[in-house]
Amino acid sequence: VLLSGEAGVGKSRILRAFRERLEDESHSRVLYYCSAYHRNSALYPAIDQFGRALRFARDDAPAQKLDKLEAVLGVIGLAVAETAPLFASLFSIPADGRHPPLELAPEQLKARTLEAIVSVFQAMAAQAPVLIVVEDAHWIDPSSVELLGLAIARLSAAGVLMIITYRPEFEPPWASETHISSLALNRLGRRDAAAMVANVTGGKALPGEVLDQIIARTDGVPLYVEELTKTVLESGVLKEDGDGYVLTGPLPPFAIPASLQDSLMARLDRLAPVKEVAQLAAVLGRMFEHELLAAVSPLGRDDLDKALEQLVGAGLVYRRGLAPNETFEFKHALVQEAAYQSLLKSTRQQHHARVAQVIEERFPETAETQPELLAQHFSEAGLAEAAIPHFHRAGQRAAERSANLEAIAHLTRGLELLETSPETPEHAKQELALQIALTGPLIAVRGYTAPETERTYARALELCKQIGDTPEIFPVLYGTHAFHFVSGRMTNAHQLGEEFLNLAESQQDDALRMVGHRLLGTDSQFIGNLTVARGHLEQAVALYQPERHRSLTFLYGQDVKVAALSMLQWNLWLLGHPDQALEHSQEALDLARAFSHANTLGYALSVSGIFDSLRRDWQGARRNADSILALTAEHGLPFWTGFARMSLGRALAAQGRVADGIASMKEGLTTFRTQHSGVFMPMYLVWLAEAYGEAGTAEEGLKLLDEAEAVMETGGERWYEAEANRVRGELLLARLARNRAKAEAAFRHAIEVARGHEAKSLELRAATSLARLWGENKKRDEARDLLAPVYGWFTEGFDTTDLKDAKALLDELS
């Protein structure tokens, strides 16, 4: 059920009454309550309350927390071995060797954690009805929105009632689901407002002029009706008289506050010195713990408890739980806001500084697990220097859980605070650390080629060179290289690859040298220096040591050996060694599958799909495409979807389903263009051009080849240039027979380019096309003399399509 309405229109009141009623019902054995209490709230606001349900104590050792966690998961019927490590990671509980480490990419960890949380809801619902309340969803964090979306989809048939309240500016992404009801809570009419006034007065009538003013000034907002009525009752302008109230004298001007803020402040003012407790509590948030409030309050325990009793008695604060773990909640966010805004700025800053100091000194676990809380308090205290490291840590923790939008917000806030501070060498290092931390979440959310990603890497590289001799330059160079590479700017990428390897050599670090050889090998391959590329890629494989270098996967995105082997399979095929290429392909896939790292497997499958398409193994290409699509669906890796669509489309077209193939490849190209990705674009355009030729629309194909040539010219990706010229020749022949001379020129140029790149497989393919043209033109001897030496060069791969086609043509020409 979605409840929408303006601030104060009664959403919280409805929910509270409903929740309290359920808590009183003996048959309602399970209740789950979740609320987004804070703007920019921490990841998964529900988890804090789940932690309370586990009864974690601050002094519990990790083993004790694990015992409690496993006990609760076992009681509700979940597989402890599978779910306990996920929740232990979420709660930052060390596994103490009880559970194996989670070797998962952040996106995998996040996906499985969300599934585990929903599994908790499902298991609870299997035992008794569950109520899930999400209050003030307009302030909820993005990861919790994702969690709710998954829960709404999965719990539609479970014994669960979920109620979500929000203000109209929030647009719930689940509103179109058929099992959801949406209710708009509008302002009250006069009759309902009068009924609410009567409820507050206990049924005793107010003087007509007072009731009229209350109804007029509150404008149908339930919270305002309630608060203004209480303000008037407490003001002393009325006295009880039988079944009603009468004025003690003429109604003085301004006796009835003109705004909700004024009304709330009037009530707080009459509760002095309790007001100061409310103000201090408001600094902590809408919901606050007694233990923390006591630690920061100057009042003694007894005086503080009396003050809290008065606030509870006045209906401004609600109490939940029992001492010493009791918590309190302001009646409404606007009540907290009124108390907070009534503080002088200097006093607010002092309170925030005191809270941050107490958390650091007396609640180290909170400081460790909720750095965003410390960051907020230090920031509001005006202590930017102290806040920045905590925003950095909060961003890192959010990124580790793939809460990338939250990570971007925390890290950006840290950078904003840094801009207000004087420039010093230490600040440059702080900014560099923040910029580097920001790159990962930006890539995940915006992509490698987004302008924000480029700006962040450019600034980080500038800072590296400004600081000088800093190890951070390697991940920054790698990321800058990735931006240019994925964008299809191969000339720029090659220069950065050279810079990376040269710096790595100067450091005499084998791990960095290995990464540098992998980068430069890949870059050299794309610009067409195939033999140079092979040397670098083989050095990368030779330097790899599993026990030392597997951890680099999470820094550089893929396992280095898998990436190098994947490139080598393609390189060796181009150089004319098809069997060796196939061996490397299988080795790369086997390693990727054994490593259980989704992005590494996506990389290996995608390059393998290209390899299968190049060698015209259409069944293999379709299998790889299906595997990639399944992987991306499971792990949310949209970057690889385009690769799958292209490989699948090329295979379908080659197998006679030309229209389906063209549609799939167009979808793949749209994906790449949406992601601003230019890598492999010349090859993909040639593939689509071939398919248009197979569909009998050579003219469309020739236009795509012109586009491919322009992309090669601007980006420098030249390795497929020979094939682009060969396909041009084939399309020219398909269009008009009189284009034989132009086709022959295209085939000759394809052979020339292939020889320049030492791409024997592409030379064989181009030579076969030209020999076939000459043979049809009664130049059989020239055709045989052209093709025979190229075919004779090969020593393996004679069962591949290209070599079989060349052999058949040679036999025909003999």
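What counts and how
Residues numbered from 1 in each chain as written. Predicted model: local features only at pLDDT ≥ 70, side-chain atom pairs only at ≥ 80, totals over all residues. Heavy atoms only, no water. Helix = DSSP H or I, 4+ residues; strand = E, 2+ residues; numbered from the N terminus. Contact = heavy atoms within 4.5 Å. Lys, Arg positive; Asp, Glu negative; His and termini not counted. Charge placed at Lys NZ, Arg CZ, Asp CG, Glu CD. Pairing = 2+ DSSP bridges. Axes fitted to C-alpha atoms, helices over the stretch in contact; angles between N-to-C directions. Core = buried A, V, L, I, M, F, W, Y, C linked by side-chain atoms within 4.5 Å. Buried < 20%, exposed > 50% of the residue type's maximum accessible area, 1.4 Å probe, protein only. Salt bridge = Lys/Arg side-chain N within 4 Å of Asp/Glu carboxyl O. Parallel < 35°, antiparallel > 145°, perpendicular 65-115°, else oblique. Left-handed = near helix turned anticlockwise from the far one by under 90°. Nonpolar A, V, L, I, M, F, W, Y, C, P; charged D, E, K, R; others polar. 1 Å grid on protein atoms, 1.4 Å probe; cavity = no way out; pocket = protein on both sides within 12 Å on 5 of 7 lines; lining within 4 Å. Points joined across faces, edges and corners; volume = space filled by probe spheres on them. Expected span 1.5 Å × (residues − 1). Arc of directions from axis to C-beta. Polar contact = N/O pair within 3.5 Å; in protein donor to acceptor, adjacent residues only side chain to side chain. Phe/Tyr/Trp six-rings, centres within 6.5 Å; stacked < 30°, edge-to-face > 60°. Right-handed = clockwise from strand over helix to strand, strands pointing away.

Chemist: What exactly am I supposed to notice about the overall build of the chain here?
Modeler: Of regular secondary structure, the chain possesses 40 helices and 10 strands. C-alpha atoms of the chain, sized along the principal axes, occupy 120 × 55 × 50 Å. Sequence-distant contacts, at least 24 apart, represent 67% of the contacts inside the chain between residues at least 6 apart. Put simply, the chain has 82 plus and 108 minus side-chain charges, and the middle of one group is 3 Å from the middle of the other.

Chemist: Please explain the sheet that holds strand 8 (residues 287-289) as it appears in this structure.
Modeler: Across a sheet, strands are paired by hydrogen bonds formed along the backbone, either parallel or antiparallel in direction. Taking strand neighbours across the sheet as the criterion, the 3 strands line up as 8-10-9 in an open arrangement whose pairing is antiparallel. Two strands in the sheet have a free side with no partner beyond their single neighbour: strand 8 and strand 9 (317-320). Strand-to-strand twist across the sheet, computed as the mean angle between neighbouring axes with direction ignored, equals 25°. Bridge analysis of strand 8 against strand 10 (residues 327-330) gives 3 bridges, and the strand direction is antiparallel. Across the sheet, Glu289 pairs through a bridge with Thr327, a residue of strand 10.

Chemist: Teacher, can you tell me more about the nonpolar core here?
Modeler: In a soluble, globular protein the nonpolar side chains are often hidden away together inside. Ranked by size, the top nonpolar core spans 121 residues in total, and within it Phe500, Val515, Phe526, Phe680, Met683, Tyr684 and Trp719 carry the most contacts. At 11 residues, helix 28 (residues 560-575) tops the list of elements feeding residues into this core. In this structure Val515 touches Tyr478, Phe500, Leu552, Tyr556 and Val560, once residues within four positions along its chain are discounted.

Chemist: Hey, could you run me through the pattern of salt bridges in this one?
Modeler: Pairing between side chains of opposite charge can happen when the charged atoms of each approach one another. Following the criterion strictly, the structure yields 44 salt bridges and no others. Glu587 is the partner of Lys561 in a salt bridge, and the nearest nitrogen-oxygen pair spans 4.0 Å. Of this pair, Lys561 sits in helix 28 while Glu587 sits in helix 29 (residues 578-595), and the two are 26 residues apart along the sequence. Linked through salt bridges whose partners overlap, the residues forming this network are Arg616, Arg650, Glu690, Glu694, Glu723, Arg726, Glu730, Arg765 and Asp802.

Chemist: Explain the packing of helix 31 (residues 618-635) against helix 32 (residues 641-654) to me, please; I cannot follow it from the model alone.
Modeler: When two helices pack together, you describe them by how their axes are tilted relative to each other and by the distance separating the axes. Between helix 31 and helix 32, whose axes approach to 8 Å, the crossing angle comes to 150°. Classed by the angle they form, the pair helix 31 and helix 32 counts as roughly antiparallel. Viewed along their axes, helix 31 and helix 32 form a crossing whose handedness is left-handed. Taking contact as the criterion, the partners of Trp618, Ala621, Arg622, Ala625, Ile628, Leu629 and Thr632 in helix 31 are, on helix 32, Thr641, Ala644, Arg645, Ser647, Leu648, Arg650, Ala651, Leu652 and Ala654. Its residues assigned to classes, the contact of helix 31 with helix 32 shows 10 nonpolar, 3 polar and 3 charged.

Chemist: I would appreciate a short explanation of unusual backbone geometry in the present structure.
Modeler: Although it is not a glycine, Arg616 sits at a positive phi angle of roughly 60°. Along the polypeptide, Arg616 turns up in the loop between helix 30 (598-614) and helix 31. Here His676, not a glycine, exhibits a phi torsion of approximately 60°, which is positive. Of note, His676 is situated in the loop between helix 33 (658-674) and helix 34 (681-694). Judged by its relative accessible area of 53%, His676 falls in the exposed class.

Chemist: Just to check I follow, could you spell out empty space enclosed by the protein for this structure?
Modeler: Picture a little ball the size of a water molecule; that probe, rolled over the atoms, points out where space is still empty. A full pass over the atoms with the stated rule returns 3 cavities of 30 Å³ or more. The calculated volume of the second largest cavity comes to roughly 70 Å³. Counting residues per element, the ones that place at least two in the lining of the second largest cavity are helix 38 (760-776) and helix 40 (801-813). Residue contributions to the lining of the second largest cavity peak at 3 residues, all from helix 40.

Chemist: When you look at helix 31 in this model, what are you seeing that I'm missing?
Modeler: Three or four residues apart is the spacing at which side chains of an α-helix point the same way, because the helix has 3.6 residues per turn. In this model, helix 31 (18 residues) spans 26 Å end to end at C-alpha, consistent with the 26 Å of a helix rising 1.5 Å per residue. Those residues of helix 31 not exposed but buried are Trp618, Gly620, Ala621, Asn624, Ala625, Ile628, Leu631, Thr632 and His635. Down the axis, helix 31 shows its buried residues gathered within 150° of arc, on one side only. For helix 31, the exposed residues lying more than 90 degrees away from the buried face are Arg623, Ala633 and Glu634.

Chemist: Teacher, can you tell me more about the side chain of Ser143 here?
Modeler: Locating Ser143 in the fold gives a position in helix 6 (residues 142-154). Within the structure, Ser143 has its side chain in polar contact with the side chain of Glu406 (distance 2.9 Å).

Chemist: What am I meant to see in the environment of Glu329 here?
Modeler: Note on placement: Glu329 falls in strand 10. Glu329 gets classed as buried once you look at its relative accessible area, which sits at 1%. C-alpha of Glu329 to C-alpha of Val210: the two residues are 119 residues apart in sequence and 31 Å apart in space. One polar contact links Glu329 to Arg286, side chain to side chain, over a distance of 3.4 Å.

Chemist: Would you take a moment to explain the pairing of strand 10 for this structure?
Modeler: On a regular strand, one side chain projects to one face of the sheet and the next to the other, so that they alternate. Neither face of strand 10 is open: one carries Thr327 and Glu329, the other Phe328 and Phe330, and all of them are buried. Bridging between strand 9 and strand 10 involves 4 bridges; their strand directions are antiparallel. Bridge pairing links Arg319 to Phe328 in strand 10.

Chemist: Looking at this structure, I do not really get helix 32. What am I missing?
Modeler: A rise of 1.5 Å per residue sets the reference length of helix 32, with its 14 residues, at 20 Å; its end C-alpha atoms lie 20 Å apart and thus fit the reference within 8%. The buried fraction of helix 32 is high, at 12 of 14 residues. What helix 32 keeps buried is the set Thr641, Gly642, Phe643, Ala644, Met646, Ser647, Leu648, Gly649, Arg650, Ala651, Leu652 and Ala653. The secondary structure elements touched by the buried residues of helix 32 are helix 30, helix 31, helix 33 and helix 34. Just beyond helix 32, the residue with positive phi is Gly656, at close to 100°.

Chemist: Please explain the environment of Gln279 as it appears in this structure.
Modeler: The residue Gln279 is located in helix 11 (residues 274-284) in this model. A sequence separation of 232 residues divides Gln279 from Ala511, and the C-alpha atoms of the two residues are 55 Å apart. Every residue in contact with Gln279, bar those within four places of it in the chain, is listed here: Ala339, Ser342 and Leu343.

Chemist: I tried to follow the packing of aromatic side chains on my own but got confused; where do I start?
Modeler: To describe a pair of aromatic rings, you give the distance between the ring centres and the angle between the ring planes. Scanning the entire structure with this criterion turns up 24 aromatic pairs. For the ring pair Phe288 and Phe328, a centre distance of 5.7 Å and an interplane angle of 15° mean the geometry is stacked. Residue Phe288 is located in strand 8, and its partner Phe328 is located in strand 10; the two are separated by 40 residues in the primary sequence. We classify Phe288 as buried; its relative accessible area is 3%. Look at Trp570 and Trp719: their rings are 4.6 Å apart centre to centre, the planes differ by 80°, and that puts the pair in the edge-to-face class.

Chemist: Just checking my understanding: could you explain the pairing of strand 4 (residues 160-166) for this structure?
Modeler: Within strand 4, 5 of the 7 residues are buried, leaving the element largely enclosed by the surrounding structure. Taken together, the 3 bridges between strand 1 (residues 2-4) and strand 4 define a ladder with parallel strand orientation. The partner of Leu2 across the bridge, within strand 4, is Ile164. Pairing of strand 3 (residues 130-135) with strand 4 involves 5 bridges; the strand directions are parallel. For Val134, the partnering residue across the bridge sits in strand 4 and is Ile164. Remark: the strand 3/helix 6/strand 4 crossover connection has right-handed handedness.

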